[in-house]
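The primary structure of each chain is shown beneath.
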Amino acid sequence: MNAFLRMLQQFRNSFQRFSGTQKLVALTAAALVIASVAYLVYFINQVEYVSLFGRLAESDTAAVAEALKKNKISYRLSDTGTVMVPRDQLYDVRLSLATEGIPRGGGAGFELFDQQKLGSTEFVQKINYQRALQGELARTISQINEVMESRVHLALPEESLFLEDRKPPSAAVVLKLAPGSRLNQRQVQGIVHLVANAVKGLDEDHITILSTDGQVIYKKSSQESSLQVTGSQLELKNQVEENLRQKIQSMLESVIGSNRVIARVTADLDFSQIRTEQDTFDPDATTIRSQQRSVENTEGAEPSPKGNPDVPINIESKLMETPAKDKEQKKFNRQRETVNYEINRVSRKTVNAPGTIKKLSVAVIVDGPYESKAEGGKDKLVFTPRTADEMKGLEDLVKKAVGFDEGRNDQVTVSNVPFASEMAAVEEPGWLTRILRGIKSYQKYLWNVGIIILVFLLVVRPLLRRLKQLARETELLPPGREAAPGLPGGEGGLPEFPLERLEIPVDSLPRLRERALALIKQDPNRARDVLRAWLREM
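A brief structural summary.

Quick notes on the rules
Residues numbered from 1 in each chain as written. Predicted model: local features only at pLDDT ≥ 70, side-chain atom pairs only at ≥ 80, totals over all residues. Heavy atoms only, no water. Helix = DSSP H or I, 4+ residues; strand = E, 2+ residues; numbered from the N terminus. Buried < 20%, exposed > 50% of the residue type's maximum accessible area, 1.4 Å probe, protein only. Contact = heavy atoms within 4.5 Å. Core = buried A, V, L, I, M, F, W, Y, C linked by side-chain atoms within 4.5 Å. Pairing = 2+ DSSP bridges. Axes fitted to C-alpha atoms, helices over the stretch in contact; angles between N-to-C directions. Parallel < 35°, antiparallel > 145°, perpendicular 65-115°, else oblique. Left-handed = near helix turned anticlockwise from the far one by under 90°. Nonpolar A, V, L, I, M, F, W, Y, C, P; charged D, E, K, R; others polar. Phe/Tyr/Trp six-rings, centres within 6.5 Å; stacked < 30°, edge-to-face > 60°. Salt bridge = Lys/Arg side-chain N within 4 Å of Asp/Glu carboxyl O.

1. Some thoughts on the overall build of the protein chain
No. 1: Counting secondary structure elements, the protein chain contains twelve helices and 14 strands.
No. 2: Counting only residues that meet the buried cut, the protein chain has 21% of its 538 residues in that class.
No. 3: For the protein chain, contacts bridging at least 24 residues in sequence account for 68% of all contacts bridging at least 6.

Structure, rendered in structure tokens:
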């Protein structure tokens, strides 16, 4: 502490020796240095704000701002109305707002039923249910990246006991898309399926989707159905071609090198749906389906006519019988069998799924190899064509990768030509790149350390040197600015007198010179400082 106070005292004494102009320049320089350092520290350590939520409705933005004020969290509003919070608090703020159900997005949802009022009528319950369903659908649709905001309008007719009086429900969806964004056919169809499956009894024919600029995005009709099928077919064709291209590209790049292969595939797909039904009968292969057998045996004489046909009534209650001595014994045997056979029958129903490959056309271009040759004192890469065996091997690999079929008249062409420009291979980031990334991550702290080092080297260190020099000079100089320092007295030393009043006899000059030379040899450093002080006083 004493050393610091002494240093301040020395600095004040040195500052008092400056002229008025020197004092002004020193104070101005010190003020500029302090202001620059303060600005750099403020600029580097200022809080970085990032977007809390993107693409919020105005009502949700107001709710978020109100919640942040309530929780005393610092935030800013950008020119586009986006709420921004400090980067280090981003995820904590999101979790805190999520517990409060903010932002709601798309209006109220089923939270309408969290607080039920006593005495609500059935009509109010139905209206709240419709509002909640509309809000939940709007929230779900707004989760799509291309959609900034959405609204859903449902028309839910009252249910009737009679079928002829029932009316189907309908829905209308209004979308506000992000600037420059567009929904593809699959996303539109997904929204249609979502709404149709969320509302009971809603058919896709009764759903309409339009954008905020009045453009109809979806409306079911026979013509649009055919266009949707065409779009799906084109998308499937592109997927097949891209899949085959990636197979070729990844395989050959592993052999030849990265960015040295160009592959293109054209697939001709058959989108016709064929249904085949075939029944085949085999008369030689029969199977007994059912069998029935009946056997009848009879033994004895056949009965003969009895009685007198002329007598209407048999008085004695007996029929007149004739002697049975002429009766003959007879036997009767009958057998019946029925067998039903089932003919072998094979029934086939075949449905060929659309999208089968009818023909493939593949074109592949491979680069290199190159040989280094000296031309004009410099090494130059010269293209060397690959051998026929190499090209044949590459062509066979391509055929195996795409499933080449001669029956479909597939075509595969592999060419070896030099590329127009040298394509540098993509390498993994080296140690230098990783170090630079680490520096970028901690650049704020590194800037602070750098500023401290610069202030120490450019301000503090020169000031300390100057103060040490002033302290050394103060020790050598006598009290008073107008006093001239003399050589130290004491034993054999000279007494210290002001330079103006110092009168030296002429006869004592040789003796003083000898004593001065002796003192200089004894302590040259101190003598040097004394001479410097004399020169400054002059």
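Resuming the write-up.
2. Considering the nonpolar core
As a rule of thumb, nonpolar side chains are buried together in soluble globular proteins.
No. 1: Counting residues in hydrophobic clusters, the biggest one holds 21 residues, and the most contacted among them are L175, V195 and I209.
No. 2: Those elements giving two or more residues to this core turn out to be α5 (122-142), β4 (147-155), β5 (170-177), α6 (185-198) and β6 (207-211).
No. 3: Sorting elements by how many residues they give to this core places α6 first, with five residues.
No. 4: Not counting the four nearest positions on each side in its chain, L175 is found in contact with I141, V147, E149, S150, L183, I191, I209, L210, S211, T212 and I217.
No. 5: Formed by 20 residues, the second largest nonpolar core is a distinct cluster that contains L252, L269, L394 and V414.

3. Notes on the sheet that holds strand β3 (residues 83-86)
No. 1: The strand order across the open sheet built from three strands is β1-β3-β2, with neighbouring strands paired in antiparallel fashion. The open sheet is flanked by β1 (49-51) and β2 (76-77), the only strands paired with a single partner.

4. What to know about the side chain of Q249
No. 1: Note that Q249 resides in helix α7 (residues 222-256).
No. 2: Of the residues examined, Q249 reaches a relative accessible area of 14% and is grouped as buried.
No. 3: Once residues lying within four places of it in the same chain are set aside, the contact partners of Q249 are V261, I262 and A263.

5. Describing the packing of α5 against α6
No. 1: Two elements in contact, α5 and α6, have axes whose closest approach is 11 Å; the angle formed by their N-to-C orientations is 155°. The pairing of α5 with α6 is recorded here as roughly antiparallel in orientation. In the crossing of α5 with α6, the sense of the turn from one axis to the other is right-handed. Facing α5, whose interface residues are L133, L137, T140 and I141, α6 presents I191, L194, V195 and A198.
No. 2: Looking at the contact of α5 with α6, its residues break down into seven nonpolar, one polar and no charged.

6. Structural notes on the packing of aromatic side chains
The description of two aromatic rings rests on the distance between their centres and on the angle between their planes.
No. 1: In the structure shown here, the tally under the stated rule is one aromatic pair.
No. 2: Between the aromatic rings of Y370 and F383, the centroid separation amounts to 5.8 Å while the plane-to-plane angle is 65°, which identifies the pairing as edge-to-face. Placement of the pair is Y370 in strand β12 (residues 370-375) and F383 in strand β13 (residues 378-383), with a sequence separation of 13 residues.
No. 3: Owing to a relative accessible area of 24%, Y370 belongs among the partly exposed residues under this scheme.

7. Examining the pattern of salt bridges
No. 1: Across all of its chains, the model carries twelve salt bridges by this definition.
No. 2: A salt bridge links K126 to E122; its shortest N-O distance comes to 3.8 Å. With K126 and E122 both in helix α5 and four residues apart, this pair spans about one turn of that helix.
No. 3: Residue classification places K126 among the partly exposed positions, given a relative accessible area of 46%.
No. 4: By relative accessible area, which is 57% here, E122 ends up exposed.
No. 5: A salt bridge links R186 to E235; the shortest N-O distance between them is 3.1 Å. Of this pair, R186 sits in helix α6 while E235 sits in helix α7, and the two are 49 residues apart along the sequence.
No. 6: Looking at R186, the relative accessible area reads 54%, which means it is exposed.

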